[in-house]
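Listed here are the chains, written in short residue letters.
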Amino acid sequence: MNLWLDQLLLLVPMAMMLVVVGLIITGRNLFGVVVLTSVYSFLMATVLFVLDAVDVAMTEAAVGAGISTVLLLGALRLCGWNDSKPMYRPWGKLIVSGALAALLMVGMVGLPEFSDPAAAIHQHVAPRYLIESSKEIDVPNVVTAVLASYRGYDTLGETTVVFTAGAGVIALLRRRRQERIKHEISEKHDAT
Amino acid sequence: MRHDPILQVVARLLIPFILLFALYVQFHGDFGPGGGFQAGVIFAAGIVLHGLISGLDAAKKILPERLVESMMAIGVLLYAGVGFAGIVLGGAYLDYFVLDPNPIHGQHRGIFWVEVGVAVTVCGVMLKIFYMFAGRGDVDQDD
């Protein structure tokens, strides 16, 4: 009964996601498209929640549906709300993407069943983490133990990547603002 | 959005709970789902909502731009500093066992500060990107 409910909770949001993707592709009102990408992220968060990946669901809801929607709306304020019709017909790209999707689906057939304990990925270090972490680290949430302790170097690298992304945005946008001021000054200079 | 009273009231009611939830996710990350990254993003989202409702300047009053920029670097330095603390206390880089006479407490201490570092950097970067994106339109309007 519970398994059946889980399947339903998984399939309904995924079907809704397909509909949302169709609307995003065909939509020409960019405001609507941005709102739909936010809806897509919330549906994705629901799917991840049903799959017991609550950490990832939280991140998807906060970043995908929250902050990136705000950033996209900020971008829309600068570039306008309506998309023009495409100048070309994207048949070539559609065929390439379709072929890639078909290849991936063929590859998926060879994957082990979802949450199969005998799958290769659960045979490597996962048993050691699950059994030993309660003795070594004594943190009930094994995900935290793996992220912050066993894989501390990886997380340090990830934090550095986030920092670099922020530094990159500062470098790009701030220079442009200074250039504009310089540009204005030189224009005024030319006028006088 | 700024002038809609319903949005104003609902958002102002929600913001304290969003910020509190971020702290819960941060400090309860050892026991339940969550951790530094999620906490940082949720905290930033709370401030972003305040910025949307009361204007960018109101958000910058709570967390000024200079502070947000420093947060980006402070978090990474804190994380890297925990690693060096391990070396100073006689272990390897990012070795938490030596941070306390009791190795398990050392692990807890290491994880705590590392997660704080992640949260501070993520929150700083998210807010900095929001400030830069939201501020660009104003620069254009001034022209």
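Since the model is a prediction, treat every value here as computed from it, not as a measurement.

A.B. asks: Got a minute to help me understand the overall build of chain A in this structure?
C.D. replies: Along chain A, the regular secondary structure elements total seven helices and zero strands. Listing every helix and strand of chain A by position from the N terminus yields α-α-α-α-α-α-α. For 192 residues, the compact-globule estimate of 2.2 N^0.38 gives 16 Å, and chain A exceeds it by more than 25% at 23 Å. Over its C-alpha atoms, taken along the principal directions, chain A stretches across nearly 75 × 45 × 30 Å. When each of the 192 residues of chain A is scored for burial, the buried share is 20%. Relative to all contacts within chain A whose residues are 6 or more apart in sequence, the contacts with residues 24 or more apart total 43%.

A.B. asks: What is the right way to look at the environment of Val98(B) in this model?
C.D. replies: Residues and elements named next belong to chain B. Turning to its location among the elements, Val 98 is positioned in the loop between helix H4 (65-88) and helix H5 (103-142). Residues Val 98 and Gly 86, spaced 12 residues apart in sequence, show a C-alpha to C-alpha distance of 6.3 Å. Those residues in contact with Val 98 that sit more than four places away from it in its chain are Gly 86, Leu 89, Gly 90, Gly 91 and Gly 106.

A.B. asks: What am I meant to see in the interface of chain A and chain B here?
C.D. replies: When the parts of a complex come together, some accessible area is lost, and that lost area is often used as the size of the interface. The interface is formed by 37 residues belonging to chain A together with 46 residues belonging to chain B. Partitioning the side of chain A that touches chain B into residue classes produces 22 nonpolar, 11 polar and four charged.

A.B. asks: Would you explain unusual backbone geometry in this entry?
C.D. replies: Keep in mind that most residues, glycine aside, have a negative phi and that most peptide bonds are trans. Look at Asp52(A): it is not a glycine, yet its phi comes out positive at around 70 degrees. Its 12 C-beta neighbours within 10 Å are what place Asp52(A) among the exposed residues. At Leu94(B), a residue that is not glycine, the phi angle is positive and equals roughly 60 degrees. Checked against the element boundaries, Leu94(B) lands in the loop between H4 and H5. The class for Leu94(B) is buried, based on 21 C-beta atoms found within 10 Å.

A.B. asks: Can you help me understand the confidence of the model for chain B in this one?
C.D. replies: Any segment with low pLDDT has predicted coordinates that should not be analysed in fine detail. Taken over all residues, the pLDDT of chain B has a mean of 88, while the share at 70 or more is 94%. For this predicted complex, the interface confidence score (ipTM) comes to 0.88, while the overall pTM stands at 0.86.

A.B. asks: I tried to follow the environment of Asp57(B) on my own but got confused; where do I start?
C.D. replies: Residue and element names in this part refer to chain B. In this structure, Asp 57 sits in helix H3 (residues 56-62). Accessibility expressed as a C-beta count within 10 Å gives 9 for Asp 57, which makes it exposed. Along the primary structure Asp 57 and Tyr 131 are separated by 74 residues, whereas in three dimensions their C-alpha atoms are 9.6 Å apart.

About the cut-offs
Residues numbered from 1 in each chain as written. Chains lettered and ligands numbered in written order. Predicted model: local features only at pLDDT ≥ 70, side-chain atom pairs only at ≥ 80, totals over all residues. Helix = DSSP H or I, 4+ residues; strand = E, 2+ residues; numbered from the N terminus. Rg over C-alpha atoms; globule rule 2.2 N^0.38 Å. Buried ≥ 20, exposed ≤ 12 C-beta atoms within 10 Å, placed from the backbone. Contact = placed C-beta atoms within 7 Å. Nonpolar A, V, L, I, M, F, W, Y, C, P; charged D, E, K, R; others polar. pLDDT = per-residue confidence, 0-100.

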